[in-house]
Amino acid sequence: MLALALAITVAGCAKQAPATQAPTPARAAPTTAGSSDSTPAATYGPGALSVPNADPYPSTYKPFPSKPTLIENVTIFTAVGPRIVNGALLMKDNKIAAVGKGADDPAIKQAEGGEAPVVIDGAGKFVTPGIIDVHSHLGVYPAPAVESNSDGNELVNPVTPYVWAEHSIWPQDPQFPRNLAGGVTTLQVLPGSGNLFGGRSAILKVVPARTVQGMKFPGAKYGLKMACGENPKRVYGNRGGPQTRMGNMAGYRAEWIKAEAYRRKWDAWLKTRKGEPPTRDLGLETLAEVLRGNILPQMHCYRADEMAQVIDMSHEFGYKVRAFHHGVEAYKIADLLAKEGIGAAVWADWGDFKMEALDAVRANMALLWKAGVKVMIHSDDPSGSQRLNQEVAKAMAAGRAIGLNITEEDAVKWMTINPAWALDLDSKIGSIETGKDADVVLWSGDPFSVYTHTEKVWIDGALLYDRSDPKAQWRSDFELGFVPDETTGGTQR
């Protein structure tokens, strides 16, 4: 009877491994492919090593099916040169295949290669590169905004570089389709701003996917979310600190000291791979990657004096801030940011909502541009992210109001090639140039007009949004609703 009971138990478990199949030994491959390392095979297990540029959660994104597509008779903002009036753009094999002055341009004809593309008449319309939002919380603060969906701020400790935004992102967030409809094709999703070190960002293609891995931009570097000023003080002031801005700085510096030692220890071990490897620490691993230049610090900071402090701290520990986010006072140190080669991600006219935001000026973006800073619009807001073109229009108008001659060709960079640079992706996206990813937006008119809307959006040459075709408009699983149960007379189940 006992044997019979055991047999029944096994049969009840789905797809049990055959009894004769031996388990795979728990062993990690310690070297990279092609390595000449001749040291004896180590016995440490999977996950034991802290290896630079490790990618344990790799992108599985594949471009959607696409057809060769030609947009003709259209005004093109390339983001790298003057506008092309009555121009033509050919997308083919996921890339921008050619850009020309018309459909008969030799470059267009050569790229077509005798294959007839889908032709779209762009008369009276405009084309820009896909918009890039470098400060988003989509997926980690999805809609509906309820407590059970709030996964963006790990407010248990002011130092949480060990968390990764991608482990919170919900791909079915219904805000993603609306973002795409606003012309946004690439997002940096960041953890929230309550901690000194908030965690790793995730760079996403704004595409339908079952998993976050299916949205991850292949090969994109991680960012590190850091925050200064009021937020960490407010969250931790009565919870052990930091209580002050000097406490904030002390907190950063203490962790960078640990990270430098951690990086040095691991780099030394990786040279020989002999003996017992050091113990991994997920937080210090992230900071060590910043020190190696493999992760880009993205720093939330409002006040100019604090940004200057952070710049000195980066010199002290030998890393580089990629961009300050929310820098409402960035205009006060525009020359310093330009000298340091640090980007500024700012709003058009947000400010005055807390003490450290009181000195906001509407010409912030324009003044930064005039000083030569890599300046860019960002949203930090699911609604604002749907109309970043209009935010740029407001910033451009504010600059013109103080006498700065900002052209639309300049302004389009603030939402395309400059944020692409902030993500170190400007060689792949952010401009209309032959060979780049075909992330393209067709606008009904001038993209800086409030009367203009997106008509079509392509990502890697695939048409993923078409305002004229409801079937070509992405709906997340969350929006599909309940399925009526016919067996109960239509009651939803």
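Structure's up top.
Some remarks on the pattern of salt bridges
Here comes step 1: This model, assessed by the stated rule, comprises 31 salt bridges.
Here comes step 2: The shortest N-O distance in the salt bridge between E479 and R178 comes to 2.7 Å. Within this pair, whereas E479 is found in the segment after β17 (462–466), its partner R178 is found in helix α3 (residues 175–181), the two being separated by 301 residues in sequence.
Here comes step 3: Among the residues examined, R178 registers a relative accessible area of 39% and is labelled partly exposed.
Here comes step 4: The closest approach of N and O atoms between E289 and R292, which form a salt bridge, is 2.8 Å. Here R292 and E289 lie together in helix α6 (residues 282–292), a separation of three residues that amounts to about one turn.

Observations concerning α6
Here comes step 1: Most of α6 sits out of view: nine of its eleven residues are buried.
Here comes step 2: Taken together, the buried positions of α6 are occupied by G283, L284, E285, T286, L287, A288, E289, V290 and L291.
Here comes step 3: Where α6 begins, the capping side chain belongs to D281, and its oxygen is found 3.0 Å from the backbone nitrogen of G283.
Here comes step 4: Of the residues one or two after α6, G293 is the one with positive phi, at around 85°.

Remarks on the pairing of strand β6 (residues 131–136)
Taken residue by residue, a regular strand's side chains alternate between the two faces of the sheet.
Here comes step 1: Burial analysis of β6 places six of its six residues in the buried class, which makes it a mostly covered element.
Here comes step 2: In this fold, β6 hands off to α3, which returns the chain to strand β7 (residues 184–189); that crossover is right-handed.

Some remarks on the packing of helix α5 (residues 245–272) against α6
Here comes step 1: Contact pair α5 / α6: the axes reach a minimum separation of 8 Å and the direction vectors enclose 80°. Judged by the inter-axis angle, α5 sits roughly perpendicular to α6. Where α5 approaches α6, its residues E255, W256, K258, A259, E260, Y262, R263, W266 and D267 are matched on the opposing element by L284, E285, L287, A288, V290, L291 and R292.

A closer look at helix α7 (residues 304–317)
Here comes step 1: For α7, which comprises 14 residues, the first-to-last C-alpha distance of 20 Å matches the rise-based estimate of 20 Å (1.5 Å per residue) to within 8%.
Here comes step 2: Listed as buried for α7 are A304, E306, M307, V310, I311, M313, S314 and F317.
Here comes step 3: Lining the buried residues of α7 we find β10 (223–227), α5, α6, β11 (296–300), β12 (323–325) and α8 (334–340).
Here comes step 4: Phi turns positive, to about 75°, at G318, one or two residues after α7.

Describing the environment of I84
Here comes step 1: Tracing the backbone through its elements, the reader meets I84 in strand β2 (residues 84–92).
Here comes step 2: Through-space distance from the C-alpha of I84 to that of V74 is 8.0 Å; in sequence the pair is ten residues apart.
Here comes step 3: Filtering out sequence-adjacent residues up to four positions away, I84 remains in contact with V74, T75, I76, T78, V99, G100 and K101.

Overview of the sheet that holds β12
Here comes step 1: With mixed pairing, six strands are arranged side by side in an open sheet as β8-β10-β11-β12-β13-β14. Only two strands of the sheet have a single partner each, and these edge strands are β8 (197–200) and β14 (375–377). Mean inter-strand twist for the sheet, computed between neighbouring axes without regard to direction, equals 20°.
Here comes step 2: Pairing between strand β13 (residues 343–346) and β14: three bridges, direction parallel. Bridging from a neighbouring strand, A344 pairs with V375 of β14.

Topic: the pairing of strand β3 (residues 95–100)
Here comes step 1: The pairing of β2 with β3 spans five bridges and is antiparallel. Along β3, the bridge assignment pairs A88 with G100.
Here comes step 2: The antiparallel hairpin formed by β2 and β3 contains two residues in its connecting segment, where D93 sits at a positive phi of about 55°.

Observations concerning the side chain of D133
Here comes step 1: For D133, the location among the structural elements is in strand β6.
Here comes step 2: Buried charge D133 goes without a salt bridge, the closest partner of opposite sign being R387 at 11 Å.
Here comes step 3: Of the polar contacts made by the side chain of D133, one reaches the side chain of S379; its length is 2.5 Å.
Here comes step 4: Of the polar contacts made by the side chain of D133, one reaches the side chain of S385; its length is 2.9 Å.
Here comes step 5: Excluding anything up to four places from it in sequence, D133 contacts V184, T186, L187, Q188, H378, S379, S385 and L388.

Details of the sheet that holds β7
Here comes step 1: Taken together, three strands build an open sheet; the order of strands is β6-β7-β9 and the sheet is mixed. The open sheet has two edge strands with one neighbour each: β6 and β9 (202–205). Adjacent strand axes in the sheet meet at a mean angle of 20°, parallel and antiparallel pairs treated alike.
Here comes step 2: Pairing of β7 with β9, which is carried by four bridges, proceeds in the antiparallel orientation. Bridging from a neighbouring strand, T186 pairs with K205 of β9.

Basis of the calculations
Residues numbered from 1 in each chain as written. Predicted model: local features only at pLDDT ≥ 70, side-chain atom pairs only at ≥ 80, totals over all residues. Heavy atoms only, no water. Salt bridge = Lys/Arg side-chain N within 4 Å of Asp/Glu carboxyl O. Helix = DSSP H or I, 4+ residues; strand = E, 2+ residues; numbered from the N terminus. Buried < 20%, exposed > 50% of the residue type's maximum accessible area, 1.4 Å probe, protein only. Polar contact = N/O pair within 3.5 Å; in protein donor to acceptor, adjacent residues only side chain to side chain. Right-handed = clockwise from strand over helix to strand, strands pointing away. Axes fitted to C-alpha atoms, helices over the stretch in contact; angles between N-to-C directions. Parallel < 35°, antiparallel > 145°, perpendicular 65-115°, else oblique. Contact = heavy atoms within 4.5 Å. Expected span 1.5 Å × (residues − 1). Pairing = 2+ DSSP bridges. Lys, Arg positive; Asp, Glu negative; His and termini not counted.

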